[in-house]
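Here is how the chains run, residue by residue.
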Amino acid sequence: MKAVSFGALSLGLLGLSAEVLAAPCSSYYISEVTVVSAVDTEAGRVQTFVGFGASREEAEKNALGSCSHIQLDLQTCIDSDRLLARNAPSDEPLGSLHTKYAKAVKRITGCD
C-alpha cells in the first residue's frame, strides 16, 4: 500500500500588487516537487510540495522553499522529481498540473 503525504501549498502573497492578484488564472505557473526519501524504507512513500507564482522562477522558488523548510535540505529538493507548467489546460505536455491544482491556484491567488 502506498502512503502519500502532501506538503504545504506555498505562495508568497505578501507584497503582491492588486494587479497580480487580479491576473487571469492561466497566467500563473505551478511547480511541483516530489521527494522520495532515501532513508524511508516504506515502499511508495512520497512527499509532494507545490508552489504557485506569477513567473516560472517564482513558482519554482516557492515549491523549493516549502520543500526545504519542512524537513529536507535544499539539495535533496533540487535533486528530486520536479514539474513546472502554466496553469492552463493547453500547456501540454504538463497539463496534468493544471488538472490537479487549478482550483487551488484560484482559491489561493483569487485569480479570474
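Starting afresh in each chain, residues are numbered from 1 along the sequence in its written order. For a predicted model such as this one, the threshold for reporting local features is a pLDDT of at least 70, and the threshold for listing and counting side-chain atom pairs is 80 or more; totals across whole chains, interfaces and linings nevertheless cover every residue. Calculated side-chain values reflect all of the structure's heavy atoms, with hydrogen atoms and water omitted.

Examining helix α2 (residues 56–70)
By definition, any uninterrupted DSSP run of H or I lasting at least four residues is a helix, any uninterrupted run of E lasting at least two residues is a strand, and each is numbered from the N terminus. Between the first and last residue of a helix there are one fewer steps than residues, each counted as 1.5 Å, and that sum is the expected span. Taking 1.5 Å of rise per residue, 15 residues should cover 21 Å, and α2 covers 22 Å from first to last C-alpha, within 8% of that figure. Among all positions of α2, only Ala59, Glu60, Asn62, Ala63, Leu64, Gly65, Ser66, Cys67 and Ser68 are buried. Type-normalised accessible area, obtained with a 1.4 Å probe on protein chains alone, sets the label of each residue: buried when under 20%, exposed when over 50%, and partly exposed for intermediate values.

Considering the pattern of salt bridges
When a carboxyl oxygen of Asp or Glu is within 4 Å of a side-chain nitrogen of Lys or Arg, the pair counts as a salt bridge. Going through the model one piece at a time under the given rule, you end up with 2 salt bridges. For glutamate 32, the salt bridge identified is with lysine 100, shortest N-O distance 2.8 Å. Taken together, the residues span a long stretch of sequence, with glutamate 32 in strand β2 (residues 29–35) and lysine 100 in helix α4 (residues 95–109) at a distance of 68 residues. With relative accessibility at 4%, the residue glutamate 32 sits in the buried group. The partner of glutamate 60 in a salt bridge is arginine 82, and the shortest N-O contact between them spans 2.3 Å. Linking glutamate 60 in helix α2 with arginine 82 in strand β4 (residues 81–86), this pair joins segments that are 22 residues apart in sequence. Note on glutamate 60: relative accessible area 18%, which makes it buried.

Digging into the state of the cysteines
Here, the term disulfide refers to a pair of cysteine sulfur atoms separated by no more than 2.5 Å. On inspection of all chains with the given rule, the structure shows 2 disulfides. For cysteine 25, the disulfide goes to cysteine 111, at an S-S distance of 1.9 Å. The S-S bond linking cysteine 25 to cysteine 111 shows a torsion near 95 degrees; that makes this disulfide right-handed. In this pair, cysteine 25 sits in the loop between α1 (18–21) and β2 while cysteine 111 sits in the segment after α4, placing the two residues 86 residues apart along the sequence. Across the pair, cysteine 111 and cysteine 25 agree in class, each one buried. Each sulfur in the disulfide pair cysteine 67 and cysteine 77 lies 2.0 Å from the other. Between cysteine 67 and cysteine 77, the S-S torsion sits near -90 degrees, and that sign places the bridge as left-handed. Of the two residues, cysteine 67 is situated in helix α2 and cysteine 77 in helix α3 (residues 74–78); the sequence distance between them amounts to 10 residues. The exposure class assigned to cysteine 67 is buried, which follows from its relative accessible area of 0%. Should the bonded cysteines of the protein chain be numbered as they appear in the sequence, the pairing reads 1-4, 2-3.

Digging into the side chain of histidine 98
The residue histidine 98 is located in helix α4 in this model. In this view, histidine 98 contacts Ile30, Asn87, Ala88 and Pro89; residues no more than four positions away in its chain are not counted. Pairs of residues are marked as contacts when any of their non-hydrogen atoms sit within 4.5 Å.

What to know about the pairing of strand β3 (residues 46–53)
Of all 8 residues in β3, 8 are buried; the element is thus mostly enclosed. Taking every second residue as pointing to the same face, both faces of β3 are buried, with Val46, Thr48, Val50 and Phe52 on one and Gln47, Phe49, Gly51 and Gly53 on the other. Where β2 and β3 come together, 7 bridges link them in antiparallel fashion. Of the residues in β3, the one forming a bridge with glutamate 32 is valine 50. One requirement defines pairing of two strands: DSSP has to find at least two bridges between them.

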